[in-house]
Amino acid sequence: MLGSPSAPTSSSAAAAAAAFRSSLLHSSTTHRTRIFPSTSHPISVECVGVQSCSSRAAAPIRAMAAEAEILWAPDKESRASAPRSKQALISLSDKTDLAFLGKGLQELGYTTVSTGGTASALENAGLSVSKVEQLTCFPEMLDGRVKTLHPHIHGGILARRDQQHHMEALDKHGIGTFDVVVVNLYPFYEKVTSAADIEFEDGIENVDIGGPAMIRAAAKNHKDVLVVVDSHDYPALLEFLKSNGDDQQFRRKLAWKAFQHVASYDSAVSEWLWRQTTGEKFPPSLTVPLSLKSLLRYGENPHQKAAIYVDKSLAEVNGGGIATAIQHHGKEMSYNNYLDADAAWNCVSEFSDPTCVIVKHTNPCGVASRGDILEAYRLAVKADPVSAFGGIVAFNVEIDENLAREIREFRSPTDGETRMFYEIVVAPKYSKKGLEVLRGKSKTLRILEAKKNEKGKLSLRQVGGGWLTQESDDLTPADIQFNAVSGTTPQESELEDAKFAWLCVKHVKSNAIVIAKNKCMLGMGSGQPNRLESLRIAMRKSGEGVKGAALASDAFFPFAWNDAVEEACQSGIAVIAEPGGSIRDQDAIECCDKYGVSLVFTNVRHFRH
């Protein structure tokens, strides 16, 4: 109601109704045959064009509607005596296997009702079809925005067959029932993620309204209506209909899929619209659509069940990453495999020079960059061959035949005899021969082809009862300043070593120390509760190579004298790179000056938990 006028007298209501009847008699009329699905024969009705009554008072309008209903009601006896026919409503944007579905339904005795494009496709396939407007007695309008939003459609979907008053209401208004609803939606996701920029208005026009309404209605009433949103389900649908069974679990699964389909669709619209509305990174509410990629053998441990899902957010379209990697060979991936492969791939993708990274338990244990990728691989293994055995090896260049043979035949530096064993090899691409050679290494070796992770993403991490989200740590040495704060200034080669070590330490679990020289990681210490212990582990792994090398720390040193900084200086380290920011920074500077070691502050911390 637009207002609350006082109730008119009965005489004024009668006068208004009479005026309404008169307007009907004098308005233009169109004779059309409407097909009522509740009957076995067409019923001739009049579709009457009525002028707007928006200026009339509320009570007279109700009186007019009551009078007008008589003009629209079909003959009750013909409705009661005629059996209900089986009806399927189909409205598809993606018409994959439509002819197969239409033919199957027709053979099972279903009458198909369809919208414009879908109806034309069915007719072109030689199948009989009734158009939606034959039921509604109303054409599409508003450039197609309104075509199925009508009681003759939604009444036929939503009516409960076990509720007598629902069925009586359908009979009263000449509305038939739908037993099957097959709908998919406007390609909004594809439109807004296409390479070509899309105008805001084009995006809005690709937001489906009628489709989700029909899907939700059918899914709600799944006890009586089978709803299908995926062409892969057409064969199962037809088999179910042939069996003439009543498997409620099958119906519920289709209903779940329908609601999930609409929820994912709406989340894409929401994400896109938020981008058009504001530049803020963190919306007040967030929905992340996930699609099951595969069930995994188990989780971190055999007693834990697990699966992997692909993130279908708009932000992840063509965004790369391990979740969308192609597996060319080997055993199925495990939960831990994905975590380790992700760590290795994220690390190696940071480097611009040809680089090899070897990871064990999500920590890089070997990293090397060289113009010759074969040499880089050997050096990465040499950094910690014990840890590398059974690890994940990743490259940022194509694996050709020569590299594949080196991976296949390389012997462990520990004894010179044992072939190196790996769980996974990851690379951006493989030559045909390289892939063939690598497949021959082991039946179980998992060979992944991945695309580099794009920058600027939000990362999500679960905590009990909620999720943490943050921007990805995308900074590289080119993005920051390495400021010398000691009396000794690093040489150019030493500064390059410091930058390499700093990029490596970014991918090591805190507390993290990396020692590197000549673009090769010599040793690292990770995950220790105190920084001094991480330093000692890194120095022990580096051995004599520590002399003249660069050291990078993911965070500042809280103490210098008789602690990590002094021990590093005493070992022969040439340059130390750390963020700075400690209240004892001056102690670190003075300690480095005493031993003639260069100290550079980056003003960037790299905690990794």
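Quick caveat: nothing in here was measured; it's all calculated off a predicted structure. Within each chain, residues carry numbers counting from 1 in the order of the written sequence. Local features in a predicted model are, by the rule used here, given only for residues with pLDDT of at least 70; side-chain atom pairs are given and counted only at 80 or more, and totals for whole chains, interfaces and linings are based on all residues. Hydrogens and waters are ignored; side-chain quantities use all the structure's heavy atoms.

1. Some details on the side chain of Ser486
Then, in step 1: Numbering of helices and strands starts at the N terminus; helices are DSSP runs of H or I of at least 4 residues and strands are runs of E of at least 2. Here Ser486 is to be found in the loop between strand 18 (483–484) and helix 19 (492–505).
Then, in step 2: In protein, a polar contact requires one atom able to donate a hydrogen and another able to accept it; more generally it is a pair of N or O atoms within 3.5 Å, and residues adjacent in sequence count only if both atoms are side-chain atoms. At 2.7 Å, the side chain of Ser486 forms a polar contact with the backbone oxygen of Thr488.
Then, in step 3: Reaching out from Ser486, the side chain makes a polar contact with the backbone nitrogen of Leu599 at a distance of 2.9 Å.

2. Comments concerning helix 7 (residues 151–158)
An α-helix turns once every 3.6 residues. As a result, residues three or four positions apart point the same way.
Then, in step 1: Per-residue accessibility, obtained with a 1.4 Å probe over protein chains only, is compared with the maximum for each type, and a residue is labelled buried under 20%, exposed over 50%, and partly exposed between these values. A large share of helix 7 lies buried, amounting to 6 of its 8 residues.
Then, in step 2: Every buried residue belonging to helix 7 is among His152, Ile153, His154, Gly155, Gly156 and Ile157, and all of these are buried.

3. With respect to the side chain of Asn221
Then, in step 1: Following the sequence through the fold, Asn221 ends up in the loop between helix 11 (210–220) and strand 7 (226–228).
Then, in step 2: In what follows, a contact means two residues having at least one pair of non-hydrogen atoms within 4.5 Å. Sequence-distant contacts of Asn221, that is, excluding residues within four places in its chain, are made with Ile157, Leu158, Ala159, Arg160 and Arg161.

4. Focus: the packing of aromatic side chains
Then, in step 1: Here is the rule: rings of Phe, Tyr and Trp (six-membered ring for Trp) pair when centre to centre is within 6.5 Å. Planes less than 30 degrees apart are stacked, more than 60 are edge-to-face, and the remainder are tilted. Summed over the entire model, instances satisfying the criterion amount to 10 aromatic pairs.
Then, in step 2: With 5.4 Å between their ring centres and 15° between their planes, Phe200 and Trp272 make a pair best called stacked. Of this pair, Phe200 sits in helix 10 (residues 200–205) while Trp272 sits in helix 13 (residues 248–277), placing them 72 residues apart in sequence.
Then, in step 3: Phe200 gets classed as partly exposed once you look at its relative accessible area, which sits at 36%.
Then, in step 4: Seen in terms of ring centroids, Phe351 and Phe500 are 5.4 Å apart; in terms of plane orientation they differ by 50°. Their pairing is tilted. With Phe351 in the loop between helix 14 (335–348) and strand 11 (355–360) and Phe500 in helix 19, this residue pair connects regions lying 149 residues apart in the sequence.
Then, in step 5: Residue class for Phe351 comes out buried when judged on its relative accessible area of 9%.
Then, in step 6: Taken together, the aromatic side chains of Phe188, Phe200, Tyr265 and Trp272 make up a single cluster linked through ring pairs.

5. Remarks on unusual backbone geometry
Then, in step 1: The linkage connecting Ser510 with the following residue, Asn511, adopts the cis geometry, with an omega of -10°.
Then, in step 2: With respect to the helices, strands and loops of the structure, Asn511 is situated in the loop between helix 19 and strand 19 (513–516).
Then, in step 3: For His361, which is not a glycine, the phi torsion comes out positive at approximately 50°.
Then, in step 4: Looking at where His361 falls in the secondary structure, it is placed in the loop between strand 11 and strand 12 (363–369).
Then, in step 5: Classification of His361 as exposed rests on a relative accessible area of 61%.
Then, in step 6: Even without a glycine there, the phi angle at Asn518 is positive, about 55°.

6. As for the environment of Asn337
Then, in step 1: Summarising the element assignment, Asn337 is placed in helix 14.
Then, in step 2: According to the relative accessible area criterion, Asn337 is buried, its value standing at 6%.
Then, in step 3: When the C-alpha positions of Asn337 and Gly299 are compared, they lie 9.9 Å apart, and in sequence the two are 38 residues distant.
Then, in step 4: Excluding residues that lie within four positions of it along the chain, Asn337 makes contacts with Glu332, Glu423, Ile424 and Arg446.

7. Comments concerning the packing of helix 7 against helix 11
In helix packing, the relevant descriptors are the interaxial angle and the interaxial distance, both defined with respect to the helix axes.
Then, in step 1: Every axis corresponds to a line fitted to the C-alpha atoms, with the helix fit spanning only the stretch in contact, and the corresponding angles, defined between N-to-C directions, vary from 0 to 180 degrees. The N-to-C vectors of helix 7 and helix 11 enclose an angle of 25°; their axes lie 8 Å apart at closest approach. Considering their axes alone, helix 7 and helix 11 lie roughly parallel with respect to each other. Within the contact between the two elements, helix 7 uses Ile153, His154, Ile157 and Leu158 and helix 11 uses Ala213, Met214, Ala217, Ala218 and Lys220.
Then, in step 2: Basically, the charged four are Asp, Glu, Lys and Arg, the nonpolar ten are Ala, Val, Leu, Ile, Met, Phe, Trp, Tyr, Cys and Pro, and anything else, Gly included, counts as polar. Grouping the constituent residues of the contact of helix 7 with helix 11 by class yields 7 nonpolar, 1 polar and 1 charged. Any angle between 65 and 115 degrees counts as roughly perpendicular, while under 35 counts as roughly parallel, over 145 as roughly antiparallel, and the rest as oblique.

8. Side note on the environment of Tyr110
Then, in step 1: Mapped onto the elements, Tyr110 comes out in the loop between helix 4 (98–107) and strand 4 (111–114).
Then, in step 2: Accessibility expressed as a relative area gives 12% for Tyr110, which makes it buried.
Then, in step 3: As a C-alpha pair, Tyr110 and Lys86 span 24 residues in sequence and 5.0 Å in three-dimensional space.
Then, in step 4: Residues in contact with Tyr110, not counting those within four places in the same chain, are Lys86, Gln87, Ala88, Leu105, Asp179, Val180 and Leu241.

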